[in-house]
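# Observations on the three-dimensional arrangement
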Amino acid sequence: MGGSEMEVTITRKEIAPIVLRIGLSFVILWFGFNQIFNAGYWVGWLPSWHHRMMVAPSSLVISNGIFEVILGGFLLLGIFTRVSAIILAAHITFIALNL
C-alpha cells in the first residue's frame, strides 16, 4: 500500500516523432543493407555521370549502402538524430532529383 507508484502517460503527440524516426530508420537500413549485399542490382540505378568517377560502380553502391547503414543506425538509436536526419534528407533529395 504505501509504495511509490507513479503513473506515466505518454500522449500521441509525444510518441509520434519516435515512431516516425524508428520507421524511417528501418526503411533506410533496409535500403543500405540491400545495397551492401546486392550491389549488382543497384548499379543500374546510378546516375549517368557516375562514369566520370574513378570508382567501380559496385564500390560506389556498397559505399553508399555503408553510409546509409551508419546514418540509419544513428537515427534508430537516437544518436545525432537531427544531424543524421538532415544529412539523410539531403541524401534522399539528391537521389530523387537524379533519377
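Refer to the structure presented above.
Read on for an overview of the structure. (Residues numbered from 1 in each chain as written. Predicted model: local features only at pLDDT ≥ 70, side-chain atom pairs only at ≥ 80, totals over all residues. Heavy atoms only, no water.)

## A look at the nonpolar core
- Counting residues in each nonpolar core, the largest one holds five residues, listed as Ala-39, Trp-42, Leu-46, Leu-60 and Val-61.
- Listing elements by their share of this core, those giving two or more residues are helix H2 (39-42) and helix H3 (57-77). (Core = buried A, V, L, I, M, F, W, Y, C linked by side-chain atoms within 4.5 Å. Buried < 20%, exposed > 50% of the residue type's maximum accessible area, 1.4 Å probe, protein only. Helix = DSSP H or I, 4+ residues; strand = E, 2+ residues; numbered from the N terminus.)

## Let's talk about the layout of surface pockets
- Approximately 710 Å³ is the volume attributed to the largest pocket.
- Around the largest pocket sit 24 residues that line it, and Gln-35, Asn-64, Glu-68, His-91 and Ile-95 are the ones nearest its centre.
- At the level of secondary structure, the elements contributing two or more residues to the lining of the largest pocket comprise helix H1 (12-37), H3 and helix H4 (81-97).
- A class-by-class count of the residues in the lining of the largest pocket yields 17 nonpolar, six polar and one charged.
- As a volume, the second largest pocket reaches approximately 150 Å³.
- Mapped by element, the contributors of at least two residues to the lining of the second largest pocket are H1 and H4. (1 Å grid on protein atoms, 1.4 Å probe; cavity = no way out; pocket = protein on both sides within 12 Å on 5 of 7 lines; lining within 4 Å. Points joined across faces, edges and corners; volume = space filled by probe spheres on them. Nonpolar A, V, L, I, M, F, W, Y, C, P; charged D, E, K, R; others polar.)

## Concerning unusual backbone geometry
- Phi is positive for Phe-80, close to 50 degrees, though the residue is something other than glycine.
- For Phe-80, the location among the structural elements is in the loop between H3 and H4.

## A closer look at the packing of H1 against H3
- At a closest axis distance of 7 Å, the pairing of H1 and H3 adopts a crossing angle of 160 degrees. When the interaxial angle is binned, H1 and H3 end up roughly antiparallel. Where H1 crosses over H3, the handedness of that crossing is left-handed. Two secondary-structure elements touch here, H1 through Arg-21, Ile-22, Ser-25, Phe-26, Ile-28, Leu-29, Phe-31, Gly-32, Phe-33, Gln-35 and Ile-36 and H3 through Val-61, Ile-62, Asn-64, Gly-65, Ile-66, Glu-68, Val-69, Gly-72, Gly-73, Leu-75, Leu-76 and Leu-77.
- Partitioning the contact of H1 with H3 into residue classes produces 14 nonpolar, seven polar and two charged. (Axes fitted to C-alpha atoms, helices over the stretch in contact; angles between N-to-C directions. Parallel < 35°, antiparallel > 145°, perpendicular 65-115°, else oblique. Left-handed = near helix turned anticlockwise from the far one by under 90°. Contact = heavy atoms within 4.5 Å.)

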